[in-house]
Amino acid sequence: MSGIRTWKPTRTEPWDRRRARHLLERAGFGGTSAEVDRLVKMGPKDAVAHLIAYPPPVAEPLPEFLQMDTAPPDPREAKDGAEREQRFREFVRMQRRATFELKGWWLKRMLTTERPFEEKLALFWHGHFTTESDKVKNPILLYNQNQLFRTHARGRLGDLLLEISRDPAMLIYLDNHLNVRGHPNENYARELFELFSLGIGHYTEQDVLETARAFTGWTIQRGRPARVGTAQFMFNERQHDDGEKTFLGRTGSLGGEDVVRIILDQPSTADFLCRKLWRYFVADEINPEDNEELASWATIFRANGYQLQPLLEILFSSVPFYDERNLARRIKSPVELVVGTLRRLQVEPADRLLQLLTGSLKAMGQDLFDPPNVAGWHGGAEWMNTSTLLFRYNLINVLLSGGVKRFAGLKLSDRLQGVATGDAAATLDGLAEEFLAAPLTTQQRETALAYVRTLHADSDREELLRCTVHLLTSTPQYQVC
Amino acid sequence: MSCDHCVHTRREFLTRGLTLAAASGTVPSFLTRAAFALDDPAANEAPRARADERILVVLQLAGGNDGLNTLVPYGDDAYQRARPKLAVQANDVLRISDYVGLHPNLAPLKALYDQGRLAPLQGAGYPNPNRSHFRSMEIWETAADSDRYEHYGWIGRYFDNHCAGQPAPDPTLGLRVGRSMPQSFGNAGSLGVSLQTPEQYRWYPSDRRHAAAQQQAFAALNQPADGAWPPLDFLQRTALNARLSSAVITDLAAKIHDAAPYPNSRLAADLKLVAQLIAGGLGSRVYYVTLGGFDTHANQLNDHPNLMTEMGAAVAAFVADLERQKNLDRVLLLAFSEFGRRVQENYSGGTDHGAAGLMFLAGGAVKPGLAGKHPSLTDLERGDLKFGIDFRSVYATVLKQWLGADPKAVLGREFPLLDLLRA
């Protein structure tokens, strides 16, 4: 394919533990030393296939915590105001509890899955086609949308765009369920263009207004009771404006399906998505010298009918992906930090641990199912400020000292058996290799070594590992991958 | 422009940071070097009392506040016509004039208005308004023209300008209460810190037996180092700022004794922390707090009145607290939102993204009364209010008359100053 070069190992840029870990961190959530070794043995081509060509997802039963058999009676059928109020409060409590569990459910999946790339992609799509539980409230709809991302994660972008436009959580989130003939609500149309497909600057205000008309009547039909039950997409023909509309240069009695088709005819869509994937998987920044590569990806993406799987194969096999300037240059998201740390240490996600982590993710700026706004998580430097940095450092301390032991009976000495602790230097260097994508400077190593020597003199192996790992994870180097 | 403030606060900041760090057994060499750099006549003067330093508190109303249901033009028939479901009824409005009044849930702000401590700025906006949250917020935070992109924030550029030439200015010059950095603070010098609560704003050693040694190693690993590439260099600067500012803030927080009453809300808690840090003498010139949830596309009557309650009560409690501290005359609060909302309500019981909106100033130094002219409800641009006050004129006025900065140097060009503050 024109313009695309596949990365090949060389003597100066070998396929080694460093690059294998890079792939494992980016196409997953990192992992143990043994997993890294396994990828090294496979070679880059098989390693990429192993991670991204996981078997297609199969239908799953609704998790138990979302089976609202015990739902209180519908408030709308209450006999008086007091009863309605009481039932309503009960609903809200149930929803909040279930939403909190839903956050933990996803986190547990990320911690335990054998197909980490699937979860990494679902997280990408959740950050792209955002929805906030704060507004949608109904956890079943959020769960369904989350599964929709798994179903279409590597499929065609067109299917995903159409399905998300019909997704009840999205319809509620961006008010399209209230978008009716004669009174268009432009919220969904605007964000669809600006954030989900074209990017700002590739459409006009008039395009937004006309597109909102095309989506009139795309609404939901709620099950009962409405607030905890399910809801289905419904096309309400009576509320659909079938008059002539003109947007993005097309005119006709256009509807929502036409919007998706027309979006895919715009070159900016492929470009926009490729850039977003780059920022998620390759590097926080796009440098001018990357534009040519990105343009080739976009051309191919568009030419092959917006199929995602081939695009992702290209991405993870590309020269820039393995380029020195993109290794250890991405700031880990809070999810990557937490899941990566715990997967590396093979921590069993006990319920209490999941609760602690759910709250911690929020504090670090990545509340699952509740991104800060419709633009999702910007990532990069925006993850990091004085407050979130200290929180990250202290969280790992909690996980290593009280947390993990108490929650899962973890012994670091079991999990880090490969790390030699014969002397202070071996301990420090072994753990730095294990945990840090970017090396310490000579001077930093000297200062750290002075401390580890003190520790080594009078500590057991467990204490030695715990305090050294906490020190090494309390560094800028541990925040990048 | 004088940079006395920088020298002064930097000196005191570093001295306190050093003292505190020394008390906990660590004196990072970077700090020692920075402290030596202060060995100049200006820095050797006795610390100046802070009581004359003016402070700006920015309140961001995120999501696009409906200005028309905040400062309500109840005297205009066009308002009632455009808002059949959402109009605040004339009888409920807290009247300021025959034309406008405040939302009924803003009684605490009405009291401030009556005391001459609140000035609503009507019709604030900018030419060629953008109706995207993100772009419009970016325009407000970077003070850019709507077709130009500015890398840094308007407050960040003030920081840079203010501290130009200083080797190690105080990073707490700007403080955001919360866990993210506002775009307004973006600056070249890595200034500005953010925190939610002082208790969480410090690094806790994991090694109890060798806490001091671990802390010392931690310090060495968390400061700028040679040869760091992006984003490691950025992370190292952030880490240094975190370390230095947490020492000062931890110390200050330990001395807080407060009994000031605040309502029970997130915004109130954030403003309370600001008031405590001001009382404690933290060197911050600009604080930044946010109240979100203003994107009321649907069922606005469920949400907007509650936001009015939360905002009004929190701001009034903050002002009362500052007055008790005798700091009200040196604190100015500036509230803004990325846009107002469409004049005509939508069919979902809400309002869509609009253009010109409402800003307000509060504090002991505001010029009492309404500022600006209320925009016409019938002479609209794409259904939205036309602006009368360019928000950058408000920034320019605050920069010049409040913070003593050169607005042209910060904003890139001249904007007419407004008569908003008492001399």
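**Description of the packing of aromatic side chains**
Residues and elements named next belong to chain A. Counted by the stated rule, this structure contains 36 aromatic pairs over all chains. For the ring pair phenylalanine 117 and phenylalanine 281, a centre distance of 5.9 Å and an interplane angle of 40 degrees mean the geometry is tilted. In this pair, phenylalanine 117 sits in helix α5 (residues 116-128) while phenylalanine 281 sits in helix α13 (residues 267-281), placing the two residues 164 residues apart along the sequence. Positioned above the aromatic ring of phenylalanine 29 is the side chain of lysine 120, whose terminal nitrogen or guanidinium carbon lies 5.3 Å from the ring centre.

**A closer look at the interface of chain B and chain A**
With 55 residues of chain B in contact, the opposing surface of chain A contributes 58 residues. At the boundary of chain B with chain A, total buried surface from both sides reaches about 4,600 Å², with 62% on carbon and sulfur atoms. For chain B, the biggest contributors to the area lost against chain A are Phe134, Arg179 and Leu221 of chain B; these three give 15% of the whole. The tally of links between chain B and chain A comes to 2 salt bridges. On inspection of chain B and its partner chain A, the count reaches 22 residue pairs in polar contact (both at pLDDT 80 or more). Counting only elements with at least two residues in the side of chain B that touches chain A, the list comes to α6 (133-142), β7 (193-195), α8 (211-221) and α9 (232-254) of chain B. Top contributing element to the side of chain B that touches chain A by residue count: α9 of chain B, with 9 residues. Looking at the side of chain B that touches chain A residue by residue, the classes come out as 24 nonpolar, 21 polar and 10 charged.

**Side note on the nonpolar core**
In this structure, Trp125 and Phe316 of chain A together with Leu59 of chain B are the most contacted members of the largest nonpolar core, which totals 211 residues. With 9 residues, helix α11 (residues 300-325) of chain B is the largest single contributor of residues to this core. Two domains share this core, each providing at least three of its residues, namely domain 1 (64-264) and domain 2 (334-479) of chain A.

**A closer look at the pairing of strand β5 (residues 118-125) of chain B**
All names here are of chain B. Among the 8 residues that make up β5, 8 are buried, leaving the element largely enclosed by the rest of the structure. Strand direction decides the pairing type here: β5 and strand β10 (residues 357-363), joined by 5 bridges, are antiparallel. Counterpart to alanine 124 in the pairing with β10 is glycine 357. Sheet topology places β5 next to strand β11 (residues 389-390); 2 bridges connect them, and they run parallel. Directly across from alanine 124, in β11, lies its bridge partner isoleucine 389.

**Regarding the packing of helix α10 (residues 266-279) of chain B against α11 of chain B**
Residue and element names in this part refer to chain B. One way to put it is that α10 packs onto α11 with a least axis distance of 9 Å and a crossing angle of 15 degrees. Overall, the two elements α10 and α11 adopt an arrangement that is roughly parallel. For the pair α10 and α11, the crossing hand works out as right-handed. Residues Arg266, Leu267, Ala268, Leu271, Val274, Ala275, Gln276, Ile278 and Ala279 of α10 pack against Glu310, Met311, Ala314, Val315, Phe318, Asp321, Leu322 and Gln325 of α11. Among the residues making up the contact of α10 with α11, the classes are represented as 12 nonpolar, 2 polar and 3 charged.

**Section: the domain arrangement of chain A**
Accessible area lost on assembly of the parts is the figure often given for the size of an interface. All names here are of chain A. Domains assigned within chain A are domain 1 (64-264) and domain 2 (334-479). The distance between the C-alpha centroids of domain 1 and domain 2 comes to 36 Å. Summed over both partners, the interface of domain 1 with domain 2 buries about 2,300 Å², with 71% contributed by carbon and sulfur atoms. A per-residue breakdown of the area domain 1 buries against domain 2 is headed by Lys103, Leu107 and Leu111, which together make up 30% of the total. On the surface where domain 1 and domain 2 come into contact, there are 3 salt bridges. Between lysine 120 and glutamate 336 there is a salt bridge, with the nearest N and O atoms lying 2.7 Å from each other. Inspection of the region where domain 1 meets domain 2 yields 12 residue pairs in polar contact (both at pLDDT 80 or more). Mapped by element, the contributors of at least two residues to the side of domain 1 that touches domain 2 are α4 (81-112), α5, α6 (133-136), α7 (139-152) and α10 (187-197). For the side of domain 1 that touches domain 2, the element with the most residues is α4, which contributes 10 residues.

**Concerning the sheet that holds strand β2 (residues 71-72) of chain B**
Sheet strands pair by backbone hydrogen bonding; their relative direction is either parallel or antiparallel. All names here are of chain B. Strand order in the open sheet formed by 3 strands is β2-β4-β3, with antiparallel pairing between adjacent strands. Edge strands, defined here as strands with exactly one partner in the open sheet, are β2 and β3 (94-95). In the sheet, β2 pairs with strand β4 (residues 101-102) via 2 bridges, with the strands oriented antiparallel. In the strand pairing of β4, valine 72 is matched with glycine 101.

**Comments concerning the environment of lysine 400 of chain B**
All names here are of chain B. For lysine 400, the location among the structural elements is in helix α12 (residues 391-402). As for lysine 400 and leucine 106, which are separated by 294 residues in sequence, their C-alpha atoms are 30 Å apart. Setting aside anything within four residues of it in sequence, one finds lysine 400 in contact with Ala405, Pro407 and Leu417.

**Let's talk about unusual backbone geometry**
Cis geometry is found at the peptide bond from proline 230 of chain B to proline 231 of chain B, where omega equals 0 degrees. Mapping proline 231 of chain B onto the fold places it in the loop between α8 and α9. In this structure, tyrosine 306 of chain A takes a positive phi of about 60 degrees despite not being glycine. Looking at the secondary structure, you find tyrosine 306 of chain A in the loop between α14 (291-303) and α15 (308-317).

**A closer look at helix α21 (residues 424-435) of chain A**
Residues and elements named next belong to chain A. Over its 12 residues, α21 extends 16 Å from the first C-alpha to the last, a length consistent with the 16 Å expected when each residue adds 1.5 Å. Residues of α21 that are buried sit in contact with α1 (17-26), α2 (33-42), α17 (334-344), α22 (442-458) and α23 (461-473). Between a side-chain oxygen at the N-terminus of α21 and the backbone nitrogen of alanine 425 the separation is 2.9 Å; the capping residue is aspartate 423.

**Focus on the confidence of the model for chain B**
Chain-level statistics for chain B give a pLDDT mean of 88 and a share of 88% at 70 or above. Here residues 17-49 of chain B is modelled with pLDDT under 50, and outside its nearest four sequence neighbours on either side it reaches 45 contacts, counting other chains as well.

**Focus on the side chain of threonine 216 of chain A**
All names here are of chain A. As for its position among the elements, threonine 216 is in the loop between α11 (205-214) and β1 (218-222). Given the relative accessible area of 1%, threonine 216 is considered buried. Among the polar contacts listed, one links the side chain of threonine 216 to the backbone nitrogen of aspartate 241, at a separation of 2.8 Å. Those residues in contact with threonine 216 that lie beyond four places of it in its chain are Asn179, Val180, Arg181, Pro184, Phe235, Gln239, His240 and Asp241.

**Considerations on the side chain of serine 165 of chain A**
All names here are of chain A. Relative to the assigned elements, serine 165 resides in helix α8 (residues 157-165). Only 2.7 Å separates the side chain of serine 165 from the side chain of tyrosine 188, close enough to count as a polar contact. In this structure, serine 165 is in contact with Leu171, Tyr188, Phe215, Trp218 and Val260, ignoring residues within four places of it in sequence.

Conventions adopted
- Residues numbered from 1 in each chain as written.
- Chains lettered and ligands numbered in written order.
- Predicted model: local features only at pLDDT ≥ 70, side-chain atom pairs only at ≥ 80, totals over all residues.
- Heavy atoms only, no water.
- Phe/Tyr/Trp six-rings, centres within 6.5 Å; stacked < 30°, edge-to-face > 60°.
- Helix = DSSP H or I, 4+ residues; strand = E, 2+ residues; numbered from the N terminus.
- Lys NZ or Arg CZ within 6 Å of the ring centre and 35° of its normal.
- Contact = heavy atoms within 4.5 Å.
- Buried area = accessible area lost by both parts, 1.4 Å probe.
- Salt bridge = Lys/Arg side-chain N within 4 Å of Asp/Glu carboxyl O.
- Polar contact = N/O pair within 3.5 Å; in protein donor to acceptor, adjacent residues only side chain to side chain.
- Nonpolar A, V, L, I, M, F, W, Y, C, P; charged D, E, K, R; others polar.
- Core = buried A, V, L, I, M, F, W, Y, C linked by side-chain atoms within 4.5 Å.
- Buried < 20%, exposed > 50% of the residue type's maximum accessible area, 1.4 Å probe, protein only.
- Domains from an automatic or database assignment.
- Pairing = 2+ DSSP bridges.
- Axes fitted to C-alpha atoms, helices over the stretch in contact; angles between N-to-C directions.
- Parallel < 35°, antiparallel > 145°, perpendicular 65-115°, else oblique.
- Left-handed = near helix turned anticlockwise from the far one by under 90°.
- Expected span 1.5 Å × (residues − 1).
- pLDDT = per-residue confidence, 0-100.

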